[in-house]
Amino acid sequence: MRQSKVSTLMKHGILFYSLLFFLVPHWGGCASNYPIAKVSLRVIDQEGNPVSDVKIRAGFWLGRENLSAYPNEEGIVTFTSPAVADAVFTNEQNYHPFHNPTGKDKYYPTIIRKDFGNLRTNVIDGKWQPWNPTIEFVLKEIKNPIPMYANERQHDEPIPARNEWCGFDMMKNAWTKPYGTGEHADIEIYHDWDGKLGEEYMGSTLKLRFPDKEAGYYIVHYDYDEKGMYENVGFKSPHHAEPSKIGSNELKFYEKRIPETKRLERHLFPNGTIYIFRTRTRFDAQGNLVGAHYGKIYRPPSSIFNFWLGRPHIRLPFYLNPIENDINLEFDPKRNLLRDVRGNIQP
């Protein structure tokens, strides 16, 4: 499944490039006349150690495709090719034939893109500048994927009420009473819509909070391609939560229309952001925290809240570890516990 996703992304990129071919100034009509790009990657694992035991594959727009090579002992691998605009790099995944069904990949599939810039300003003497930059390429190891309650699909979940806190049970994938069958509010959501139905939309506020005592979150960041042409499909979060970092317990996002300009001012879920959270806290007779569950929330691909048919909806991709006090954040997509709760949730 992971290999298929990487291949699909690269094929889509090649198709996209082909469609744009005639929009790009020609450098003589064949690939050999395009400017030459030379790029080195420093391939490392999540601890910063050099990686040399996996092939790296490269593809250059309108240049050479399906180049592959192993990094040296220092984790350095270099590729050279004619190119226009950019190149894509990924780690090769092992092929698991029928006679080797237990074959395992060591690293999560990861894609990065190098944008070379403008043909007219970034090419000198037929070479892309800077010449042979070294780019850090981080591969995260596949360590211990486990079953989780995972809402990966980016479907819209209608918020059941306006201007009041509504609880959501991540293990049931349902709103809590009186709006659903959920039993424990892992997170509460408050939506305040500024305006009335039939009137011009002036904005809204969305607040999220973890209501349990000493529940909360902290933020981690991952590399994000602002142009959005390629997705880094590798494992984005840390392998484990760090309970000592849990601090704040409320998040606030908003958008509001400026009356003078009619434009919307927004503060939404930042790109490249993950929220590591703690919920379902449990205490002993002395008030000491003795139990909790840990999970993570990713930024949705579009607005975290939106409107459809006059009702607010939320997109909230979450992963919750089912084992108390286990800080593992590594999800096994073949074992999504929500499949037993909602039939439309798939790995």
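**Some remarks on the overall build of the protein chain**
For the protein chain, the helix and strand inventory stands at one helix and 24 strands. Buried positions account for 45% of the 347 residues belonging to the protein chain. In the protein chain, once contacts between residues fewer than 6 apart in sequence are set aside, the share between residues at least 24 apart is 67%. Carbon and sulfur atoms make up 49% of the accessible area of the protein chain, which totals about 18,000 Å².

**Digging into the pairing of strand β15 (residues 203-209)**
For strand β14 (residues 187-193) and β15, the ladder comprises six bridges, and the chain directions are antiparallel. Pairing of Y190 across the sheet is with K207, part of β15. With seven bridges connecting them, β15 and strand β17 (residues 250-257) associate as antiparallel partners. Its bridge partner being in β17, T205 is matched across the sheet by Y254.

**Things to note about the sheet that holds strand β6 (residues 111-115)**
Sheet architecture is open: four strands sit in the order β3-β2-β5-β6, paired in antiparallel fashion. Strands with a single pairing partner mark the edges of an open sheet, and in this sheet they are β3 (67-69) and β6. Shown here is a sheet whose adjacent strand axes are inclined to one another by a mean of 20°, direction ignored. Bridge count between strand β5 (residues 86-91) and β6: five bridges; the pairing is antiparallel. When the bridges of β6 are listed, A87 appears paired with K114.

**Quick look at the side chain of N173**
Its place among the elements puts N173 in the loop between β12 (165-169) and β13 (174-175). By relative accessible area, N173 is classed as buried at 0%. Within the structure, the side chain of N173 is placed 3.3 Å from the side chain of N151, a separation counted as a polar contact.

**A look at the side chain of S237**
By the element assignment, S237 lies in the loop between β16 (216-221) and β17. S237 has contacts with K140, I274, K296, Y298 and L329, leaving out every residue within four places of it along the chain.

**As for the sheet that holds β14**
Taken together, the six strands give an open sheet; going across it, the order is β13-β12-β14-β15-β17-β18, and neighbouring strands pair in antiparallel fashion. Either end of the sheet is taken by a strand with one partner, and the two such strands are β13 and β18 (264-267). Both β12 and β13 contribute to a ladder of two bridges, which runs antiparallel. Bridging across to β13, F168 finds its partner in W175.

**Points about the pattern of salt bridges**
With the rule as written, the count across this model stands at nine salt bridges. Taking the shortest distance from any N to any O, the salt bridge between D53 and K106 comes out at 2.9 Å. Here K106 lies in the loop between β5 and β6 and D53 lies in the loop between β1 (36-45) and β2 (56-60), a separation of 53 residues in the sequence. The closest approach of N and O atoms between E324 and R282, which form a salt bridge, is 2.9 Å. Here the residue E324 occupies a position in the loop between β23 (318-320) and β24 (331-336), and R282 occupies one in strand β19 (residues 273-283), the gap between them amounting to 42 residues. Since its relative accessible area comes to 41%, R282 is described here as partly exposed. Taken together, the salt bridges that share partners define one network made up of D169, D186 and R280.

**Examining the confidence of the model for the protein chain**
On average, the protein chain scores 83 in pLDDT, and the residues at 70 or more come to 77%. Considering each helix and strand of the protein chain separately, the mean pLDDT is smallest for helix α1 (residues 2-20), with a value of 46, and largest for strand β4 (residues 76-82), with 97. In the predicted structure, residues 1-6 sits below a pLDDT of 50 and forms 13 contacts with residues beyond four places in sequence or in another chain. Across residues 8-29, where pLDDT falls below 50, the model places 31 contacts with residues more than four positions away in sequence or in other chains.

Rules used in this analysis
- Residues numbered from 1 in each chain as written.
- Predicted model: local features only at pLDDT ≥ 70, side-chain atom pairs only at ≥ 80, totals over all residues.
- Heavy atoms only, no water.
- Helix = DSSP H or I, 4+ residues; strand = E, 2+ residues; numbered from the N terminus.
- Buried < 20%, exposed > 50% of the residue type's maximum accessible area, 1.4 Å probe, protein only.
- Contact = heavy atoms within 4.5 Å.
- Areas by Shrake-Rupley, 256 points an atom, 1.4 Å probe, with all protein chains shown as cover.
- Pairing = 2+ DSSP bridges.
- Axes fitted to C-alpha atoms, helices over the stretch in contact; angles between N-to-C directions.
- Polar contact = N/O pair within 3.5 Å; in protein donor to acceptor, adjacent residues only side chain to side chain.
- Salt bridge = Lys/Arg side-chain N within 4 Å of Asp/Glu carboxyl O.
- pLDDT = per-residue confidence, 0-100.

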